[in-house]
Amino acid sequence: MVVFNTSVFIAYGVFHAAMELAVETPERAWPAVAVLALGAASGLGAILHLRRRGESQAAANAALIALFAVITLITYGKGGLHAPGLSWFVVLPVVARALCGSRTAVFVAAAA
């Protein structure tokens, strides 16, 4: 599940970065692209950790934290409460439930 979710979000990150570069000015696009690249690198790191150590819970937590950070930073950079991507915070508890379980989902829902 960690590999699938992380792969989907990495693919979305590539698409989102391309859209940022296509529609935004370079000054506004590059910070978001940098955040997406760091998030993708963190996701790949979680997958590599899972492959090498077999610790699925640690990899799931790392992937979830990276996703939370990416969504938070991009939303803040694009206008905070007025950002078009604010609705992505609804996805976080769903992903937390799929990756880490119900207790983590409740915590993430409260944090989001």
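Numbering of residues starts from 1 in every chain and runs along the sequence as written. Residues qualify for local features only when their pLDDT is at least 70, as the model is predicted, and side-chain atom pairs are given and counted only at 80 or more; totals for whole chains, interfaces and linings, by contrast, use all residues. Side-chain numbers here rest on the full set of heavy atoms in the structure, without hydrogens or water.

### Here's the deal with the packing of aromatic side chains
Reasoning step 1: In this scheme Phe, Tyr and Trp rings, the latter by its six-membered ring, pair at centre separations within 6.5 Å, and the angle between planes marks the pair as stacked below 30 degrees, edge-to-face above 60, and tilted otherwise. Per the counting criterion, the structure on display carries three aromatic pairs.
Reasoning step 2: Ring centres 6.4 Å apart and planes at 50° place the aromatic pair Tyr 12 and Phe 15 in the tilted group. Of this pair, Tyr 12 and Phe 15 both sit in helix H1 (residues 2-23), three residues apart, which is roughly one turn of the helix. Strands are runs of DSSP state E lasting at least two residues, helices are runs of H or I lasting at least four, and both sets are numbered from the N terminus onward.

### A closer look at the nonpolar core
Looking at soluble globular proteins, one finds that nonpolar side chains tend to be buried together.
Reasoning step 1: Joining through side-chain atoms within 4.5 Å is the link that ties buried Ala, Val, Leu, Ile, Met, Phe, Trp, Tyr and Cys residues into a set, and such a set is a nonpolar core. Three exposure classes are used, based on accessible area relative to the maximum for each residue type with a 1.4 Å probe and protein chains only: buried under 20%, partly exposed in between, and exposed over 50%. Counting 14 residues, the largest nonpolar core has Leu 64, Leu 92 and Leu 99 as its most contacted members.
Reasoning step 2: When contributions to this core are tallied by element, the ones reaching two or more residues are helix H3 (56-77), helix H4 (91-99) and helix H5 (102-111).
Reasoning step 3: The leading source of residues in this core is H3, at five residues.
Reasoning step 4: Not counting the four nearest positions on each side in its chain, Leu 99 is found in contact with Met 1, Val 2, Asn 5 and Ala 60.
Reasoning step 5: With six residues, the next largest nonpolar core counts Ala 17, Val 33, Leu 36 and Val 70 among its residues. Note on contacts: a residue pair qualifies if any of its non-hydrogen atoms lie within 4.5 Å across the two residues.

### So, the pattern of salt bridges
Reasoning step 1: Take a side-chain nitrogen of Lys or Arg and a carboxyl oxygen of Asp or Glu: if they are within 4 Å of each other, that pair is a salt bridge. A full pass over the atoms with the stated rule returns three salt bridges.
Reasoning step 2: Put simply, Lys 78 and Glu 20 hold a salt bridge, and the shortest N to O gap is 2.7 Å. In this pair, Lys 78 is assigned in the loop between H3 and H4 and Glu 20 in helix H1, connecting sequence segments 58 residues apart.
Reasoning step 3: Its relative accessible area of 17% is what places Lys 78 among the buried residues.
Reasoning step 4: With a relative accessible area of 7%, Glu 20 lands in the buried category.
Reasoning step 5: Glu 24 serves as the salt-bridge partner of Arg 28, at 3.1 Å between the closest nitrogen and oxygen.
Reasoning step 6: On the accessibility criterion, Arg 28 (41% relative accessible area) is partly exposed.
Reasoning step 7: Residue Glu 24 is classed as partly exposed on the basis of its relative accessible area, which comes to 25%.
Reasoning step 8: Linked through salt bridges whose partners overlap, the residues forming this network are Glu 20, Glu 24, Arg 28 and Lys 78.

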